[in-house]
Amino acid sequence: MANRILVVDDEKLIVKGIRFSLEQEGMQVDCAYDGQEALDFAKKNDYDAVLLDVMLPVYDGFEVCQQIREFSDMPIIMLTAKGDDMDKILGLDMGADDYITKPFNILEVKARIKAIIRRNSKRTKDGEAKSVLKVKELTMDKESRRVFIGEKEINLTAKEFDLLELLLTNPGKVYSREKLLNIVWGYEYPGDVRTVDVHVRRLREKVEANPSDPQYVYTKWGVGYFFKG
């Protein structure tokens, strides 16, 4: 079954080029040219990846990303302006899984999309251990990919879940930011380690009673992060 991708950008020539390139790889591509159209597509279909530009009419990319996260954890790759670090960080804060800087090489776009698809496909094929993990008040159901604090379900994005699962299933093991980028994102990530820092911060805000005094996801200063129950 062909992978299904949603490409969102108001520059039609860019969309045309990306669509042609992805269809050459056997992917099924839907195209949207403004934020509302993107949301309409995302609500009707389950995509293997969404390529989402920041600058859009009606709703910008951040708003679209935030709204998609209210009903789906489909992988989202943001297209950001060259050198605009705030766009990258804000996109990750809104729930994006990855970002690509414009102007981009179409080969990089395909590589990022394929990496996300491979990661999700491997997760599905492995079936991951059909088990429930519980540490203190935190419960993770690896089969249904659900997380609870006490009786309350916590909504995590795909990358937040993958990050927590890796740390939770390897308690006490310290992972450097570079290692986390490689494992969780599934390839040698060309961005910087702030991607991990933003995801860890967001994860702590969701699972920790006091994010500034974490009880689950700890920092090993100068090294990386680890889980301790």
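Each value, and the rule that gives it
Once a new chain begins, its residue numbering starts again from 1 and follows that chain's sequence as written. Thresholds applied to this predicted model are a pLDDT of at least 70 for local features of residues and 80 or more for the giving and counting of side-chain atom pairs; totals over whole chains, interfaces and linings are not thresholded and use all residues. Side-chain metrics rest on all non-hydrogen atoms present in the structure, leaving aside hydrogens and water. Using a 1 Å grid laid over the protein atoms alone, points where a 1.4 Å probe fits but cannot get out form a cavity; open sets with protein on both sides within 12 Å along at least 5 of 7 lines form a pocket; any residue with an atom within 4 Å of a point counts as lining. Grid points are joined across faces, edges and corners, and a volume is the space filled by probe spheres set on the points. Runs of H or I in DSSP of at least four residues are treated as helices and runs of E of at least two as strands, each being numbered from the N terminus. Put simply, Ala, Val, Leu, Ile, Met, Phe, Trp, Tyr, Cys and Pro go in the nonpolar bin, Asp, Glu, Lys and Arg in the charged bin, and everything else, Gly too, in the polar bin. The start and end points of each domain follow an automatic or database-based domain assignment. When DSSP locates at least two bridges between a pair of strands, those strands are taken to pair. A side-chain nitrogen of Lys or Arg and a carboxyl oxygen of Asp or Glu constitute a salt bridge if their distance falls within 4 Å. Whether a residue is buried, partly exposed or exposed follows from its accessible area with a 1.4 Å probe, protein chains only, as a fraction of its type maximum: under 20%, in between, or over 50%, in that order. Two rings belonging to Phe, Tyr or Trp (six-membered ring only in the last case) form a pair when the distance between their centres is within 6.5 Å. Interplanar angles under 30 degrees mark stacking, angles over 60 mark edge-to-face geometry, and anything in between is tilted. Working rule: Lys NZ or Arg CZ, within 6 Å of ring centre, within 35 degrees of ring normal, means a charge sits over the ring.

### Looking at empty space enclosed by the protein
So, point 1. For the structure shown, the criterion picks out one cavity of 30 Å³ or more.
So, point 2. As for the largest cavity, its lining consists of K88, I89, L92, Y99, D192, R194 and T195.
So, point 3. Elements represented by at least two residues in the lining of the largest cavity include exactly α4 (85-93) and α8 (194-207).
So, point 4. For the lining of the largest cavity, the leading source of residues is α4, giving three residues.
So, point 5. When its residues are assigned to classes, the lining of the largest cavity shows three nonpolar, one polar and three charged.
So, point 6. Counting contributing residues, the lining of the largest cavity receives three or more from each of domain 1 (4-121) and domain 2 (132-227).

### Describing the pairing of strand β7 (residues 138-141)
So, point 1. By the bridge criterion, four bridges tie strand β6 (residues 132-135) to β7 in an arrangement that is antiparallel. Residue pairing in the sheet places L133 in a bridge with M140 of β7.
So, point 2. Hairpin connection from β6 to β7: two residues lie between these consecutive antiparallel strands, with K136 at a positive phi of about 55 degrees.
So, point 3. Relative to strand β8 (residues 146-149), β7 runs antiparallel, the two sharing four bridges.

### Comments concerning the pattern of salt bridges
So, point 1. By the definition in use, this model includes 18 salt bridges.
So, point 2. Residues R19 and E23 are paired through a salt bridge, measuring 3.1 Å at the closest nitrogen-oxygen approach. A residue pair is termed a helical-turn pair when its members lie 3 or 4 positions apart in one helix, as R19 and E23 do in helix α1 (residues 12-24) at four residues.
So, point 3. With relative accessibility at 38%, the residue E23 sits in the partly exposed group.
So, point 4. Between R146 and E153 there is a salt bridge, with the nearest N and O atoms lying 2.9 Å from each other.

### Topic: the packing of aromatic side chains
So, point 1. Applying the stated rule across the entire model yields two aromatic pairs.
So, point 2. Between Y216 and F227, the ring centres sit 5.9 Å apart and the planes meet at 20 degrees, which makes this aromatic pair stacked. Here Y216, found in the loop between α8 and β11 (217-220), pairs with F227, found in strand β12 (residues 224-227); they are eleven residues apart in sequence, far enough to count as distant. Judged on exposure class, the residue Y216 and its partner F227 are both buried.
So, point 3. With 5.5 Å between their ring centres and 20 degrees between their planes, Y218 and F226 make a pair best called stacked.
So, point 4. Taking the ring centre of Y216 as reference, the NZ or CZ of K136 above it sits at 5.9 Å.

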